[in-house]
Every structure is written in C-alpha cells, then in structure tokens.
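Take a look at the letters that make up each chain.
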Amino acid sequence: MAESLPEHDRILQEIESTDTACVGPTLRSVYDDQPNAHQKFMEKLDACIRNHDREIEKMCNFHHQGFVDAITELLKVRADAEKLKVIAQTEEIIRCRVQQRNITTVVEKLQLCLPVLEMYSKLKEQMSVKRYYSALKTMEQLENLYLPRVSQYRFCQIMIENLPKLREEIKEISMSDLKDFLESIRKHSDRIGETAMKQAQQQKTFSTALQKQNNVNYGRNMHLGRNRILESKNEITLKRTFEDEDEHEEEVLTAQDLVDFSPVYRCLHIYSVLGDGEIFENYYRKQRRKQARLVLQPQSSMHETVEGYRRYFSQIVGFFVVEDHILHVTQGLVTRTYTDELWNMALSKIIAVLRTHSSYCNDPDLVLELKNLIVVFADTLQGYGFPVNRLFDLLFEIRDQYNETLLKKWSGLFRDIFEADNYSPIPVANEEEYRIVISKFPFQDPELDKQSFPKKLPMSQSVPQIYMQVKEFIYASLKFSESLHRSSTEIDDMLRKSTNLLLTRTLSSCLQNLIKKPHIGLTELVQIIINTTHLEQACKYLEDFISNITNISQLTVHTARLYGLSTFKDARHAAEGEIYTKLNQKIDEFIQIADYDWTMSESDGRASGYLMDLINFLRSTFQVFTHLPHNNNDHAAMSGKVAQTACMSACQHLSMSLMQMLLDSELKQISMGAIQQFNLDVIQCELFASSEPVPGFQGDTLQLAFIDLRQLLDLFMVWDWSTYLADYGQATSKYLRVNPSTALTLLEK
C-alpha cells in the first residue's frame, strides 16, 4: 500500500508535465495496478487539485489590484480602440482599391497586347502558307494600328525589328517567283503562239466559209454569223478534237491553262504594297526586252523548212499575246505605249530577218507556205491590236521573189517541154484525140474541121503544153495574191504583170535559147515559127482566163495587157534570122571546100563540083520549105514568105561570098582560064535563081542577087573596057553595078 503512493505521485507529475495527448496511457496504468487503487489515486488527485486551488487563490489575491488597475486602463482606451478599428478598416479599403485599380490596368494592357500577339501569330501563319500579300497587309495593320499602342514593351520592339526582315524575305521570295514565271512564259511562248495562230486561222476559215454561205442565203445565216463570230479578245482558245469511238468532243484551252499568271499578279501587288512598284516594273520590262531579243533571233537554218518559220512566228506571237494579256489584266505593269514601242522594235527586226532568210528560198512552194504563215502571223497579232501594215508591205517584196522562183521553175519546165518536142504537126486519129488537144489549147480552124480523120494540127505538141503551163503559172501566182487584203483590181494587175514577166522574159529566153541550139534544123525552125504564131493568137484567151479569175473586165481603164504578142513576134523573127544564119553557115561550109586553080590556062568546061553540091542542097532545102503541111492559107503564106526571104538571103550571101573569093587579098594572080571557070559556076547560080526554087518571086528578082558578079565577069570576059569607061556614071550603063575599085583590084590580079 505504501508502495503505491509514490507511484501515484509520479503519475500526477507526468499528467502535469506531459501533453494532453499522452494522458490516456498514463491514466490506464492507474487501472492496471492493484484493485481499488484508482480510489486512492482520485483522493490523491483531489488533494493535488485543492493544493493548486490554494496557490491560484493566493496568486489572484496577490495580482487582484493589478487586474483592477488593468481593467480600469482598458476601459479608458476603449474609445481609442474604436477609433483605431475604423482607421484600420479604412486602410484595408484603400489597399483593396489600389489592388483593384492595378488589376484593371493590367487587364487593359493585356487587352491591348492580345490583338498584337494575335496579329503577329496570324502573320506567321500567312507566311507559312505563302499568303505574302495578306502578310504585308497584316504588317501594315501591326505597324500603323496595333504596335504603336504597346511600343513600350520589349516584345513589341522585337516584333518591330523583325518586320523589315519579313518584308525583305517576302520581296526575295516574290522576285524568285517572278523569275520562275518569266522562265515559264519563255518556255511556253511557242505553244501559246501556236495556239493563237491556229485559233486565228480557224476563225478566218470559218468567217470565209460563212461569208460564202451568206452570199447564197444572206438572210438565213445572218443570225448564225453574228453568234459564231463573237470571241474574247484577251483569251487564246484552241480547239482540240479528241476521238472517242465515233463521238468527238472539243476542249477549249485558255492562256491561263498554258501559263499560271498568278505569280506576276502577286508580285505586282506585293511590290506595290512595299512601295517598290516602279522597281518591279523596270525589272519586268528589262527582262522581257531581253527575252524579246532572244525570241527575235532566228536559227541559221530557219529558211530551210517551213517548220523553222512556224516555230519562229509562234514564239513571237506567244511573246506578244502574253504582253497583251498582262496589259489588260494589270494596271501599270505594262502600258500601250510600252507594248507599241516593243512591237515596233520587234517588227523592224522581223522584217529584216524575213527579208534576209526569204532571199535564200529557191523553192516556190516554200515561199508560198512562208507567205501563208506571215498572213496568219499578221492576222493573229492584228487581232490583238498590233499594227501589221508593214508586214503586208513586206509580202509585196516577197511576192516579187516568189515570182522569181516561179519563173526559174517554169523556165525548167519550158526547157523540158522544148527538149521533148518532136517539132512535127500533132497527128489526131479520131474525134476523141482531137477533143483532148483542143481541151488543152484554144485552137479553132473551120477548114481543118471539115477534113476527115486522121488529120494533123499545124502546131507541135509543145504548144498545148506551154499554154497549159502558162495557166498553171497564173494559178500559182494567184495563190500568193490571196489573203493579202488587196482589191480584185490590184490582184488582176499582179497576175497580168507576173504573166507578162513569164512571157517576155522566161518563155522568150527559152525560145531564144532553143532557136540557137545546134541540133535545131531548118525544119524545126519553121515549126517553131508556126508554134509561136499559135501561141501569139492564144494570148487573148489568157487575158480572158485572168479576167474570169479576178472578175475584172478587160475594158477597165487600168487593166494591163499581156505582152505575148511582142514576145512571140520577137521569137518568130529570131527563128527566121536563125534560118537565114544557118543557110549562110552551110553556104560558107561549101565555099570553104572550093579548090580553084587560079592559074589554069582554060576552064574545065563544066561547073565546079562543090558548087553543084551547094545548089543541090539549096534546092532540096527549099523543097522542104514549100512542101511543109499547111492547114490554111495563113500558114502557107507564112511558110512561103519565110522560104522566099531565106532563098533571097542565101543567093545574096552566095553572091557576096563568091565576090569575096575573087577579091581575097591573099590571091595575087588570076588567069583568064580561072575567070572562065568561075564564070561557069556563076552561070549555074543564075540558072538556079531562074528555076524558081521558091515560088512567089516576081520576074528576075532572085537573079538580081548575082547581078554584081555577072557585070564584073562580063567586063573581063568581053574585055569591054572602052564601053565601061565611056558609060561610067550613067544610069543606062551596061556595067552600072561594077565598082571601079573592084574592077581595078581584079584587073591587077
């Protein structure tokens, strides 16, 4: 029992000294001890409490006066405390007000900054998707509207520093896009031009067909014509036909389908926004001028094929179609003044190139295709508002060259025809053959029509062939005159002038060369004379042929006439002269083989052999002339006249050659026997002249060719010098034709 009391003291000390959370285990140890021990503990606890109460009471008694004094003091400061409480509340309100104001200011500043951040974010997004024009507009808004409001912030300064860099980046990207665009249009210029030229050609073909149809039924087709001819000026359209079994579809391509023009629009807008529009325009124009010079530079072999010219024209058309498109869809990038200046420069270069390269063309078909290309080229660009009158003036120069190439070609054709001709009248065995000939050549002869088949036409086979080739030449010349925007009168004049050149220059030259050919004999020359007569008569039909083509009457004041009459007359005269020349040459050949013994004592009693051979040749030759087939009196008269002139010329030449033989300076001495032998030869010549080798001479006209020789020989044979001297100078002199110097020269010999 005594042992538990110290334990209770210890427990009380723990309860007083430990935390209330640990009281539980301590109290539990009270109940774990001996039974009824808690009663003792309670008693001990009560005693402890009473002891503490006494101590508290003592302490209160000790501090009572101080407490009273403190209460008294508190009562005194109560009023001041109320005042301090009000002051504290006011300060809290002020602090809250300041805080609220700061929050409002922050919200306002954030509201100003947020749009800037949103716009900058939008700018970045626009840059990433390559919407550069929109990005520039966003930059303008940032600089002019948003950034000035918040320029004091550091992040705004960073943005302001970045904007010029972004602008420069946009400018570089735009310039790169422009370069790509310029390269693209350079590559596609030929295709654009080809498209435009095809469309222009199709439209012209359609318009021509429509015009012809309107001439047949104007009223019915008027509405159709108006609806079908409408077109868009700024679009190039090309109809390409795709065949799908038996059905066809047409696809229409525009310029934008061939070239993407958006880069140039975008770049123009961007540079305009950046304030560098003039720089952009100058750069664009400078680069396009460089491309123009490249396009206008032809290939050295361009003149060899029509494809070379077509590619050249396509590139030029493509270049100016692009410029016209840029002119109409942009403002200020190019102007009409600029395009006109560029076109005038290009036109001068084009004309110089075409003038040079076309001069190399020797093929009329190639020249004709070149003309057609130039017409399509001019019509295409004229449709875009470019003046092309100088191109049509150039076509007149090329027309002259085309005519020259035609003349060269037809010169070869004429030569081939003349070479293949047999120079004999055309035989016709029946009516069908006769119709074939007159279908090619306008031959009319009532007397020949009365004759039965078989019969012969007076001309040789070259005549209808020449006539047909002249008509073909007119057709070929007409092909060039088409589509030159000239009146029917001008075309008629062109055709007549070119035909005159063919007749007076080409055909005339071929005839002159033919006549001079060694293998052309006297018979062929006579046939050539007949042929030229028929060709001369056919000239009026050629004039009618041209008038039917051009619908221009020959009665028109300014209508030119064909010069075929003079051409064929000149050829006929040349042929006649060649006949005389060939006869004289043959006579000279016989004279050269003459072998007189000028010292013989007496003559052989007969004419020289060479002279008899010569006379036989002349007789047979003139028999051929007089026995040529003639179908009418005109041909007979013509042949007779040629034969008479040839015979007279031959006799005169023979007489002169014999006289020259006597008077030859190398002949120093002549015996009377030689004179007698020479006289026998002259007698044979006189007999030949009197035998009328060619009918139609009156009296002794032909014999007079030998009168000089006869009187000279009679003077020496009779030795009648007294009569010669006595009658000299009188009109009735027997030796009137004997020249004194001639007689003296022979007398000396």
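Residues numbered from 1 in each chain as written. Predicted model: local features only at pLDDT ≥ 70, side-chain atom pairs only at ≥ 80, totals over all residues. Heavy atoms only, no water.

Per an unreviewed UniProt entry, the protein chain carries the name Exocyst complex component and comes from Ficedula albicollis. Its UniProt record, at the heading Function (unreviewed entry), says of the protein chain: "Component of the exocyst complex involved in the docking of exocytic vesicles with fusion sites on the plasma membrane." Of the protein chain, the UniProt comment under Sequence similarities (unreviewed entry) reads exactly: "Belongs to the SEC15 family." (UniProt positions renumbered as here; feature names shortened; annotations may be inferred.)

Colleague: Now, about the overall build of the protein chain: what can you tell me, with residues and values included?
Modeller: From N to C terminus, the protein chain includes 26 helices and four strands. When each of the 749 residues of the protein chain is scored for burial, the buried share is 42%. Restricting the contact set of the protein chain to residue pairs at least 6 apart, pairs at least 24 apart contribute 77%. Per element, the accessible surface of the protein chain, about 41900 Å² overall, is 51% carbon and sulfur. (Helix = DSSP H or I, 4+ residues; strand = E, 2+ residues; numbered from the N terminus. Buried < 20%, exposed > 50% of the residue type's maximum accessible area, 1.4 Å probe, protein only. Contact = heavy atoms within 4.5 Å. Areas by Shrake-Rupley, 256 points an atom, 1.4 Å probe, with all protein chains shown as cover.)

Colleague: Outline helix 10 (residues 306-329), listing residues and values.
Modeller: Over its 24 residues, helix 10 extends 34 Å from the first C-alpha to the last, a length consistent with the 34 Å expected when each residue adds 1.5 Å. Within helix 10, 18 of the 24 residues are buried, which leaves it mostly tucked inside the rest of the structure. (Expected span 1.5 Å × (residues − 1).)

Colleague: Which residues make up the nonpolar core, and what are the values?
Modeller: In this structure, Phe181, Phe313, Ile350, Phe377, Ile579, Leu658 and Phe678 are the most contacted members of the largest nonpolar core, which totals 169 residues. Ranked by size, the runner-up nonpolar core spans 21 residues in total, among them Met139, Leu142, Tyr146 and Ile170. (Core = buried A, V, L, I, M, F, W, Y, C linked by side-chain atoms within 4.5 Å.)

Colleague: Summarise the pattern of salt bridges; cite the residues concerned and give the values.
Modeller: Inspection of every chain in the model, using the stated rule, returns 21 salt bridges. Arg336 serves as the salt-bridge partner of Asp340, at 3.9 Å between the closest nitrogen and oxygen. Taken together, the residues span about one helical turn, with Asp340 and Arg336 both in helix 11 (residues 336-358) at a distance of four residues. Owing to a relative accessible area of 26%, Asp340 belongs among the partly exposed residues under this scheme. Glu419 serves as the salt-bridge partner of Lys517, at 3.7 Å between the closest nitrogen and oxygen. (Salt bridge = Lys/Arg side-chain N within 4 Å of Asp/Glu carboxyl O.)

Colleague: Report on the packing of helix 16 (residues 462-481) against helix 17 (residues 488-516), specifying residues and quantitative values.
Modeller: Axis separation between helix 16 and helix 17 bottoms out at 10 Å; the angle between their running directions is 140 degrees. On the basis of the axis angle, helix 16 is oblique to helix 17. The chirality of how helix 16 crosses helix 17 is right-handed. Where helix 16 abuts helix 17, its residues Ile466, Val470, Phe473, Ile474, Ser477, Leu478 and Ser481 lie against Ile491, Met494, Leu495, Ser498, Thr499, Leu502, Leu503 and Leu507. Residue classes in the contact of helix 16 with helix 17 are distributed as eleven nonpolar, four polar and no charged. (Axes fitted to C-alpha atoms, helices over the stretch in contact; angles between N-to-C directions. Parallel < 35°, antiparallel > 145°, perpendicular 65-115°, else oblique. Left-handed = near helix turned anticlockwise from the far one by under 90°. Nonpolar A, V, L, I, M, F, W, Y, C, P; charged D, E, K, R; others polar.)

Colleague: Quick one: what's the story with the packing of helix 13 (residues 389-420) against helix 17, residue by residue and with numbers?
Modeller: Running from N to C, helix 13 and helix 17 cross one another at 35 degrees; their axes reach a closest spacing of 9 Å. Here helix 13 runs over helix 17; the crossing is right-handed. Together, Phe396, Arg399, Asn403, Glu404, Leu407, Trp410, Ser411, Phe414, Arg415 and Phe418 of helix 13 and Met494, Ser498, Leu501, Leu502, Arg505, Thr506, Leu507, Cys510, Leu511 and Leu514 of helix 17 make up the contact between the two elements. Split by residue class, the contact of helix 13 with helix 17 holds twelve nonpolar, four polar and four charged.

Colleague: I'd like a description of unusual backbone geometry, backed by residues and values.
Modeller: Cis geometry marks the peptide bond from Phe453 to Pro454; its omega dihedral reads -5 degrees. Positive phi values are uncommon outside glycine, yet Tyr423 reaches one of about 55 degrees. Mapped onto the secondary structure, Tyr423 falls in the loop between helix 13 and strand 3 (426-428). Residue Tyr423 is classed as buried on the basis of its relative accessible area of 7%. One non-glycine residue, Glu692, lies in the positive phi region at around 55 degrees. Its location among the elements puts Glu692 in the loop between helix 23 (672-690) and helix 24 (707-718).

Colleague: Any details on the side chain of Asn403? Residues and values, ideally.
Modeller: Relative to the helices and strands, Asn403 is located in helix 13. Judged by its relative accessible area of 7%, Asn403 falls in the buried class. Those residues in contact with Asn403 that lie beyond four places of it in its chain are Ser477 and Ser498.

Colleague: Describe in detail the side chain of Gln711, supporting the description with residues and values.
Modeller: Residue placement: Gln711 occurs in helix 24. For Gln711, a relative accessible area of 11% gives the class buried. Here Arg737 takes part through its backbone nitrogen, which lies 2.6 Å from a polar atom of the side chain of Gln711. Dropping the residues within four chain positions of it, Gln711 is found in contact with Lys734, Tyr735, Leu736, Arg737 and Val738. (Polar contact = N/O pair within 3.5 Å; in protein donor to acceptor, adjacent residues only side chain to side chain.)

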